[in-house]
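# Structure assessment
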Amino acid sequence: MLVNPLSGGVGPNAASEAAGIFADYALEAAIIALEGGQFDVQVQQALDAGPDALFVLAGDGTARAVASRAGPAGPLIAPLPGGTMNMLPRALYGTSDWKSALRQALEEGAEQSVAGGEVSDGRIRESFFCAAILGAPALWAPVREAVREGKFGLAWAYGRRALRRAFSGRLRFSLDGRADRRAEALVLISPMISKAIDEHAGLEAAVMNTADALQAFRLAAHAVFDGWRQDPAVTTRSIQQATVRARSRIPSVIDGEPVLLRHVIKVRFIRTAFRALVPNPPTRAEGV
């Protein structure tokens, strides 16, 4: 088990609390506290040890990085909710309580192949297993989290910044090699999250178009408070790959982590990205 005690949802006593839970089961467990500057080495050592399962109690970025590095040939990955958004853990376990998720995995755990996607801008390559938001609406993700945490002053500041940048540029994109189209944003959703496509059919591509500031406010409100698919400015379809371009760098949120990408992006569907240890049957998320 890899533990990041500095992650927002973990805490300094997490390693000892996890050891107490493992002691209730007939298994051998090693718990490793991640240290600054040693992340890559510690993750690789954990994978090289050849465990049957590797639990990860850390933020969204760490969980995503470990699952991506393990791949389909690596051990079963159990990303526990230890971050802020916890997109992947909540999709797999349906809870934000890491202790409950850990016991569920130990008592009811079964292997599940997880599909996902990959975003590349020629400089960085990022995997995602829940959703990638590309374009100006990605700037609303911090607003949503600030509202959830009751930090309304911070939410207002983030909202003002998002509005200032919301109309600075539109995306030009091609889905599965078709003719270019333009949109305010493109959201790519994995089959694990999407209820609109069949499992392993591809990524759900949701195209967001806003014609004016009023529509932008409405779309932002949906993104913050409820399901955005019901908004008339959103259309969806299943795809295998996409190319996205813009005149400037593209704000993005990849599985809950903000990323500023270059102006040309390639996206592809990965049918089996990694193997997860999840309750049987797994709990599917209610959407992004």
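Procedures and definitions
- Residues numbered from 1 in each chain as written.
- Predicted model: local features only at pLDDT ≥ 70, side-chain atom pairs only at ≥ 80, totals over all residues.
- Heavy atoms only, no water.
- Buried < 20%, exposed > 50% of the residue type's maximum accessible area, 1.4 Å probe, protein only.
- Helix = DSSP H or I, 4+ residues; strand = E, 2+ residues; numbered from the N terminus.
- Pairing = 2+ DSSP bridges.
- Right-handed = clockwise from strand over helix to strand, strands pointing away.
- 1 Å grid on protein atoms, 1.4 Å probe; cavity = no way out; pocket = protein on both sides within 12 Å on 5 of 7 lines; lining within 4 Å.
- Points joined across faces, edges and corners; volume = space filled by probe spheres on them.
- Nonpolar A, V, L, I, M, F, W, Y, C, P; charged D, E, K, R; others polar.
- Salt bridge = Lys/Arg side-chain N within 4 Å of Asp/Glu carboxyl O.

A word on the pairing of strand 3 (residues 53-58). Burial of strand 3 is extensive: 5 of the 6 residues sit out of reach of the surface. As judged from the 2 bridges shared by strand 1 (residues 2-3) and strand 3, these two strands associate in the parallel manner. The partner of Val3 across the bridge, within strand 3, is Leu57. The pairing of strand 3 with strand 4 (residues 76-81) spans 6 bridges and is parallel. Paired with Val56 across the strands is Pro79, a residue of strand 4. In the classification by handedness, the crossover that spans strand 3, the intervening helix 3 (residues 60-70) and the parallel strand 4 is right-handed.

Taken as a whole, the largest pocket spans an internal volume of roughly 420 Å³. Only helix 2 (39-48) and strand 3 provide two or more residues apiece to the lining of the largest pocket. Residue contributions to the lining of the largest pocket peak at 3 residues, all from strand 3. Per-class residue counts for the lining of the largest pocket are 14 nonpolar, 2 polar and 2 charged.

Summed over all chains, the structure comprises 12 salt bridges. Among the ionic pairs, Asp40 bridges to Arg69, the shortest N-O distance being 3.0 Å. Of this pair, Asp40 sits in helix 2 while Arg69 sits in helix 3; the two residues are 29 residues apart in sequence, bridging distant segments of the chain. Given a relative accessible area of 47%, Asp40 falls into the partly exposed group. Note on Arg69: relative accessible area 35%, which makes it partly exposed. Here Arg172 makes a salt bridge to Asp180, at a shortest N to O gap of 3.4 Å. Look at Asp180 and you get partly exposed, because its relative accessible area is 42%. One salt-bridge network, held together by shared partners, links Glu118, Arg125 and Arg268.

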